[in-house]
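# Examining the three-dimensional arrangement
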Amino acid sequence: MCGVTGWIDWETDLRGQERTVRAMTDTLACRGPDAHGVWLSRQAALGHRRLSVIDIDGGSQPLADSADPGAVLSYNGELYNYRELRQELSGLGHVFRTRSDTEVVLRAHLQWGAEAPRRFNGIFAYALWDTRRQELLLVRDRLGIKPLYWHAHRTGVLFGSEPKAVLANPLFRAELDAEGIAELFALPAAPTAGHGIFRGLHEVRPGHLVTVGRTATREERYWRLESLPHTDDAATTRETVRALLADTVERQLLSDVPLCTLLSGGVDSSALTALAAAAQERAGHGKVTTYSVDFPGSSDRTPDAWRTSHDAPYVQAAVEHIGTLHTSVVVPDDDLLDARDAVLRARDRPGWGEMDASLHLLFREVRRRSTVALSGEAADELFGGYPYFHDPAALAADTFPWLRGRTTPAALLRPEVRAEARPEEYTAEAYRRSLADVPRLDGEHAPDRRIREVFHLALTRWLPPLLDRVDRVSMSVGLEVRVPFCDHRLLEYVWNVPWALKAPEGRPKGLLRDAVRDLLPPKVTDRPKSGYPSTPAVRYTEVLTARAHELLSDPNAPVFDLVDRAAVRSALAEGRPLPSPRTAPNPVGGLDHLVQVDEWLRAYRVSLR
């Protein structure tokens, strides 16, 4: 993947601002370690960092048509249908000078304008400057797999793939207001689409484009799910899911650099790996390379409702059945502690602590031999794999089902901060807005209507932070992670499959399991959902507890401008876990969040509004 950034200004001649634009671009070096470029004009400046995946020699950016520079493009993404689009555009008279999908995006816009994104199958976030109309177009893929932030200043707009790029421009300051506090403490597991945490920072919403002109900025939705009757029978539905998934995996194997899959031993990642192996064999290529993550002593851990089993035996069963070249990456506690700062810098905000750190270490090891990895994100959201899909109490809750009965870190806010941020009201309003956005199906019975709501909540409020985590942590080491279950064709089809077909006989993800049953051993196909593993060792907890006590002794610790010091002291004295931003049970999650918020406020010099 790549890094995109830039600056539009209607009053400043940006040709004299190359140093600042290069500073913005350099913050994204991890996203694009292979090449960089800057394009400057009076009103627009675009920067780019490149991770070379397709057309290694010919895909340099920012890209403009040398014969007709009507548009300049800085692009982050992969188009999986770029060959078909290239052929169509060639038939319309376009002459290509590279093999890259970047040039396909540029010429698609020259041909079809703002309608172009509707034709794309892929993951993307990009900025296109129209030199004739003097307009900037910011575009993000349908599910928001690739990030893109923007900030409107007095005389223009700043933008970047990550907040750090915008923060590198002196026109933007790191400030946190009441809304940002509510997002950070009350809704870390159900973030608001488009909210950038920092005051005045927005994220281009999934399936949207933002047009910035001299007199106005407007936002337009180019894609949304549509609710329609499902007329296929069970057998046809299974066959269609299998065909779509197989086509998607084969498309996403396209790469000019080494590629692998991430294998957890669950049905999602195992099915992708099996389909990838079959496609590789048809193409006459070698075995698929796979990776998994583990921790010392994890096999002795007692299962719980979230992590029902240890991954290793299922990973081994899948590896032996499919025949892959496998590596298990074992992550010690001390390495997790050492990775904390790198993860904070990758995410530009407090995240999920040791889960982010272990993912970072896994991706760092994968990147030694592969540049692209396929991952199983979104299968649970698409096919109903999480416990809350099957829990009547969660389904009946008048809130996000995964937040039912949970205490969020907002419980620790100081009284005066709580009065400004209003976390309970903020969450209730976010839930109300989310329900209002659900595409309805006329005549749908109440139980089916509710399960449709929960699927939409999962896809629009639960999935985005997972995708953001994978993107930001993978790109911090220059690894491109592709997510085949997010293919919009598969999503549009499965969205309208009734619950009785998605979960036959009440089996979680029964439709997916039945669609890929012939590819995997029964042990893997029928393995119950087990969440991403966490470290079972005690040293990580001990170190974080010590750091929390150090904060309590520091009268200037910035976290206590937000958090009630006495409440934290009392919880630690009584041995009670602090409220965690994560929904998975983890006694260290709240400590992680407290310490990370303090580290973030210091490192980013965040001021409070």
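Refer to the structure above for everything that follows.
These lines cover the structure that appears in this document, whether it is placed above or below. Remember, predicted model here, so these are calculated numbers, not experimental data.

Within the protein chain, the regular secondary structure consists of 23 helices and 19 strands. Scaling as 2.2 N^0.38, a compact globule of 609 residues should have a C-alpha radius of gyration of about 25 Å, and the protein chain matches this with 24 Å. With the C-alpha coordinates aligned to their principal axes, the bounding extent of the protein chain is approximately 70 × 60 × 50 Å. Counting all 609 residues of the protein chain, 60% fall into the buried class.

The final tally for this structure, using the stated rule, is 19 aromatic pairs. Taken together, a centroid distance of 5.9 Å and an interplanar angle of 45° make the contact between Phe124 and Tyr126 tilted. The class for Phe124 is buried, based on a relative accessible area of 0%. Cluster of aromatic residues (ring-pair linked, three or more members): Tyr386, Tyr388, Phe389, Phe400, Trp402, Tyr431, Phe455, Trp462 and Trp499. Positioned over the ring face of Trp352 is Arg347, at 5.8 Å from the centre of the ring.

Attention shifts here to the pairing of strand β9 (residues 156-160). Taken residue by residue, a regular strand's side chains alternate between the two faces of the sheet. Most of β9 is tucked away: 5 of the 5 residues are buried. Here β9 shows two buried faces, one formed by Gly156, Leu158 and Gly160 and the other by Val157 and Phe159. With 5 bridges joining them, strand β1 (residues 2-9) and β9 adopt antiparallel strand pairing. Note on β9: the bridge partner recorded for Thr5 is Gly160. Bridge analysis of strand β8 (residues 149-153) against β9 gives 5 bridges, and the strand direction is antiparallel. Paired with His151 across the two strands is Leu158, which belongs to β9. Count of turn residues in the β8/β9 antiparallel hairpin: 2 residues.

What counts, and where the lines are drawn
- Residues numbered from 1 in each chain as written.
- Predicted model: local features only at pLDDT ≥ 70, side-chain atom pairs only at ≥ 80, totals over all residues.
- Heavy atoms only, no water.
- Helix = DSSP H or I, 4+ residues; strand = E, 2+ residues; numbered from the N terminus.
- Rg over C-alpha atoms; globule rule 2.2 N^0.38 Å.
- Buried < 20%, exposed > 50% of the residue type's maximum accessible area, 1.4 Å probe, protein only.
- Phe/Tyr/Trp six-rings, centres within 6.5 Å; stacked < 30°, edge-to-face > 60°.
- Lys NZ or Arg CZ within 6 Å of the ring centre and 35° of its normal.
- Pairing = 2+ DSSP bridges.

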